[in-house]
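Report on the structure
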Amino acid sequence: MSDAPSPQQSPTSSQESPDFDAMTRDIAEVPAVEVIVTVAVNLMSAAAVKLGLTEDGDDHKDLDEARKLVHALAGLLDASTTEISSFHAAPLRDGLKSLQLAFREASVVRDEPGQGPGEKYTGPVYG
């Protein structure tokens, strides 16, 4: 008996490989605002973890990584503010400001006002 796959079997079955056509159809049905908000929420969540704001706290704290995530979030929100309604933008901006303040509080060496993560886009954050 041979262990090689038979002609009916492939090394990767359809259950193992993604259905890219179905994924493309699913993505096509999602409004751009929903994609932007989802990405923003994912960036916020990741930044909160890297700032040590979760139950595990300092276990995952990494301010260098948090800085990058907060900066990316600020850039995304700055670029998309005119594309998404204030209904979506306002809570995201509030979350961003909270993360910027948390970063400022967590930093041993404080950034000058306007130099913190994302402040290039939002203006100085004081806390």
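Cut-offs and rules
- All chains use their own residue numbering, which begins from 1 and follows the written sequence.
- Only residues with pLDDT of at least 70 are given local features in this predicted model, and only at 80 or more are side-chain atom pairs given and counted; all residues enter the totals for whole chains, interfaces and linings.
- Where side-chain values are given, they derive from all heavy atoms of the structure, hydrogens and water being excluded.
- Here, axes are lines fitted to C-alpha atoms. For helices the fit covers the stretch in contact, and angles between N-to-C directions go from 0 to 180 degrees.
- Put simply, DSSP marks the helices as runs of H or I at least four residues long and the strands as runs of E at least two long, and each gets a number from the N terminus on.
- Should an angle fall under 35 degrees it is taken as roughly parallel, and over 145 as roughly antiparallel, whereas 65 to 115 is taken as roughly perpendicular and any remaining angle as oblique.
- By convention, the crossing between two helices is left-handed when the near helix turns anticlockwise from the far helix through less than a right angle, and right-handed when the turn is clockwise.
- The criterion used for residue contact is that any of the two residues' heavy atoms lie within 4.5 Å.
- When residue character is reported, Ala, Val, Leu, Ile, Met, Phe, Trp, Tyr, Cys and Pro are called nonpolar, Asp, Glu, Lys and Arg charged, and the others, Gly included, polar.
- A 3.5 Å cut-off defines polar contacts: any pair of N or O atoms within that distance qualifies, except that in protein one atom must be a possible hydrogen donor and the other a possible acceptor, and neighbouring residues in sequence count only when both atoms are side-chain atoms.
- Between the first and last residue of a helix there are one fewer steps than residues, each counted as 1.5 Å, and that sum is the expected span.
- The classification of residues rests on relative accessible area computed with a 1.4 Å probe and restricted to protein chains. Under 20% of the type maximum is buried, over 50% is exposed, and intermediate values are partly exposed.

A few words on the packing of helix α3 (residues 63–80) against helix α4 (residues 86–106). For the pair α3 and α4, interaxial distance at closest approach is 10 Å and the crossing angle is 155°. If you check the angle between α3 and α4, you find them roughly antiparallel. Like other packed secondary-structure pairs, α3 and α4 cross with a definite hand, here left-handed. On α4, the residues touching Leu63, Ala66, Arg67, Val70, Leu73, Ala74 and Leu77 of α3 are Leu92, Arg93, Leu96, Leu99, Gln100, Phe103 and Ala106. Residues of the contact of α3 with α4, tallied by class, amount to eleven nonpolar, one polar and two charged.

Attention now moves to the side chain of Glu119. Checked against the element boundaries, Glu119 lands in helix α5 (residues 119–122). A polar atom in the side chain of Glu119 sits 2.8 Å from the side chain of Arg104. For Glu119, the side chain forms a polar contact with the main-chain nitrogen of Gln115, separated by 3.4 Å. Not counting residues up to four positions away in its chain, the partners in contact with Glu119 are Gln100, Arg104, Glu112, Pro113, Gly114, Pro124 and Val125.

With that settled, consider α4. An ideal rise of 1.5 Å per residue puts 30 Å on 21 residues; α4 measures up with 29 Å between its terminal C-alpha atoms. Those residues of α4 that sit buried are Ala89, Leu92, Gly95, Leu96, Leu99, Gln100, Ala102, Phe103, Arg104 and Ala106. Elements that come into contact with the buried residues of α4 comprise α2 (32–50), α3 and α5.

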